[in-house]
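# Analysis of the macromolecular model
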Amino acid sequence: MGTGSKSSHQSYAVSPTAVAESPTAPVELGGVLVDEGDVIASEAGPVSGEPQASGDQLVLDEAGASAGPDTEPAVLEADVDEFLQEQFNQVDGPEAEEMPQTATAQPEEGEGALQEPAPEEGEATAQEAGQADSDVPPGDEDQPLPEEPEEEKDPPLTPVPAAPPVGAPTGVPLLVGGDDFINSEATLVAYDSADGPREVLLTHISEDAEDRLLDALSIAGTHTEEIEVEEQFKGRLDLDKKMKLAELTTTAVTSVQHKLNHDLPMSEASIAKHAKAVDAVTAVLNDPGASEAEKAMAQHYMDQLDMVKDKIDNGGAPMAWMDTYEVTGPKMVTKQVQVSDGEPEPGTLVATVRKASRIKAALDSETGQSSWDGVTRSHANGTEYEIDMGDGWKAVYRPYKENDPTSTEYSLRGQLEVHAPQGSGNGEQLVERLEQLHLMNKPMTAAEGEWTYLANNIQAQKLEKAAGMKTAMETAQGLQDLQVQEIVHQRMESLMGLDSDDLQTQMKRIHLEAAHKVLPMKVQVVRDAVAKASGFTNGSELAASPGYDPAPTTDGRWLTWSRFDVTGKHEEIQSAFTGRALTHSIGDGDIASLLGTGVLASTEKRAVMGIGSGIGQSEQSDKLSGGANSVFLRVNSDSGYYGGGTLIWDDPSVLMRRSDYYGYNGDHYGAINPDHHNYSKSAITRDPMKIASFGGGSNEVMFRNGIDLLGAEAPSRIVCGSAGERNSILSSLSARGITELGGKPVEDVLCVTKY
């Protein structure tokens, strides 16, 4: 984070050996020098290296450093910017990179670095892949190269919409390249509001990416000042609170509603409550000193009381729920504001610390639209940063480091919101603005998709500590470091002319660019290691196997990745689950509303969709355990009795193909928080065969984010409470053009409880 010193930015510096004259051709990552000589990788250390003068053979010594065969490293000439030299010498060597969302792989005794692999059939060599960067017209070597039109070569797996559909509660799911986000997922949501759309990007960054995000910030210190600021305010008028008009009206409404619901005669007490409310509201309406806003508020309550009077006189059906009068607008308030103990570092974003919160959206049960005024938030147990990104843009981040897992909500750690100014058409910018936070900001391509697919399979199959995996990770990181140095070489002269802040900015961009360019080679290295850890001869054999599918499922409301040890053994998984089913009871919810949104959503997802709390059985406990990021299913008999409000997957393999689930053969509140008392390292499992054998009455199987009930993951049976409920739901689905669920006619999926 910003500290007033550039020491916090050192991770973006590189240390190539400086040269007096630029080499005529940089080292190519495919292991070949353009003009002469070969790159020789030592078996004693991970791949690493530095550009040498033209004609030198690049050799990696036992420590992993490079040097010419018989030469000392060249030095910069006297007129080279000293600061640039200092920056380039701040880092001693590459740091090993971990795969996203996997446990840390520990070094194995005696392991050496893998030699850089030859490209697999059908893959371009790094020399070919980097040729565009090498073909620089004479005299232009110092100019930044234009970005390649990547979309033409490898289009995004999930194109970014300019304007996500307004009011869609689940938003538009996206995949962002790189390792910065859990499962590479993000969601674009455009909330409806009276002032126009409120477009927000929601994502969950990986813990490994947090240091880079914090490095982009200048976080206010502990010093506070009392200042008067204008804030957007939503709430009741002061006069309403003083005279308790909302309370009096609600009391009258509730009393009469009770009589209507139970077909009872009106009582004197109900009539008196109505009269008391009318007197208070009339006093405001007749007050010549009341403002226009106060009179509008009083009229709102009088309209409600007129309806109550009609019900008192004439009876009839129960009334629709009546809302408290609230206003939205600017208001001057006095606040204690944390201010920085010093000037923010140039190029950083000012962030203030505050108590954690969540977007408090509202879901209209009639229209199915999600709305949010851009202001209202619900309270959470933890800490977050509000980040000013400039020009009306802002972000909200809940850091891992500031939220102790022993005492705060584990499920919110790492959550990031990026907010566009009010209005429509900000979809692409919402993704691009991630660069301000030092995060990857490009839609994921197919090559990047395979990297995430491999990462998820490493985690799901517990391959982190398999033989050769640590070495593969180091090799992959070494390739990325070489790519950074190659780009630096190409742009050396232009970088030397930059001041401190601009140099830091360019180095950060170079690191992001390098990560993107070298990814196909990193995928090849790690795929080979995963293959050998899984019993395959090499990566080519794994890629050709029937279960290997590095493309995510992108046609539903959630994006999911598969695991090849399940998709490649489909019949074995089905056999293991013979006589078993996965089930979910919706509790206090109802089937019609559930199918209205089309998703079975986790507690955290329901919050941003606008679905009120209280639907889950242990929502607050799940936030502390980490289970709030998943939905809970249970392994049961496929022939048991199930009451209304039950979802049943008679073929669990439909869901077990996913890579994001875990389970307990007992009630552990879905705990993934190692510091929570319900977490058990020995009991938690991701093994589908073990899950198939669950026999505990309170066993649980958790799926991240949720399940798309209208797509390929739809349940095979949905139990309704009555024939009337079933017919109503069938009519609703028919009106929406939904005739099948999971490939079955909806009439065969919807069934009725049999007593």
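Up top you'll find the structure we're talking about.
Here's a quick rundown of the structure.

## Looking at empty space enclosed by the protein
A complete count under the given rule lists 6 cavities of 30 Å³ or more for this structure. Its volume calculated, the largest cavity comes out at about 440 Å³. What lines the largest cavity is a set of 28 residues, and nearest its centre among them are Thr187, Leu202, Thr203, Lys605 and Asn705. For the lining of the largest cavity, the secondary-structure elements that each account for two or more residues are β4 (181-191), β5 (198-205), β14 (415-419) and α20 (603-609). Taken together, the residues that form the lining of the largest cavity break down as 12 nonpolar, 8 polar and 8 charged.

## Things to note about the packing of aromatic side chains
For the structure on display, the rule yields 5 aromatic pairs. Summarising the aromatic geometry, the rings of Phe536 and Phe564 are spaced 6.4 Å apart at their centres and angled 75 degrees between planes, so their arrangement reads as edge-to-face. With Phe536 in the loop between α15 (519-533) and α16 (539-544) and Phe564 in helix α17 (residues 564-567), this residue pair connects regions lying 28 residues apart in the sequence. When the centroid spacing of 6.1 Å and the interplanar angle of 40 degrees are considered together, the rings of Tyr548 and Phe564 count as tilted. Residue Tyr548 is found in the loop between α16 and α17, and its partner Phe564 is found in helix α17; the two are separated by 16 residues along the sequence. A residue is classified by how much of its surface remains accessible, and Tyr548, at 9% relative accessible area, is buried. Connected via pairs of aromatic rings, a cluster forms that spans Tyr453, Phe536, Tyr548 and Phe564. Positioned over the ring face of Trp451 is Lys522, at 4.7 Å from the centre of the ring.

## Topic: the sheet that holds β14
Taken in spatial order, the 8 strands line up as β3-β4-β5-β14-β13-β12-β9-β6 in an open sheet, and their pairing is mixed. The open sheet has two edge strands with one neighbour each: β3 (172-175) and β6 (217-219). In this sheet, adjacent strand axes meet at a mean angle of 30 degrees when their direction is disregarded. Pairing geometry for strand β13 (residues 393-397) and β14, over 4 bridges, is antiparallel. By the bridge assignment for β14, Val396 is matched with Glu417.

## Topic: the side chain of Asn456
In this structure, Asn456 sits in helix α11 (residues 446-460). Residue Asn456 is classed as buried on the basis of its relative accessible area of 4%. Sequence-distant contacts of Asn456, defined by excluding residues within four places in its chain, comprise Asn183, Trp561 and Ser659.

Conventions and cut-offs
- Residues numbered from 1 in each chain as written.
- Predicted model: local features only at pLDDT ≥ 70, side-chain atom pairs only at ≥ 80, totals over all residues.
- Heavy atoms only, no water.
- 1 Å grid on protein atoms, 1.4 Å probe; cavity = no way out; pocket = protein on both sides within 12 Å on 5 of 7 lines; lining within 4 Å.
- Points joined across faces, edges and corners; volume = space filled by probe spheres on them.
- Helix = DSSP H or I, 4+ residues; strand = E, 2+ residues; numbered from the N terminus.
- Nonpolar A, V, L, I, M, F, W, Y, C, P; charged D, E, K, R; others polar.
- Phe/Tyr/Trp six-rings, centres within 6.5 Å; stacked < 30°, edge-to-face > 60°.
- Buried < 20%, exposed > 50% of the residue type's maximum accessible area, 1.4 Å probe, protein only.
- Lys NZ or Arg CZ within 6 Å of the ring centre and 35° of its normal.
- Pairing = 2+ DSSP bridges.
- Axes fitted to C-alpha atoms, helices over the stretch in contact; angles between N-to-C directions.
- Contact = heavy atoms within 4.5 Å.

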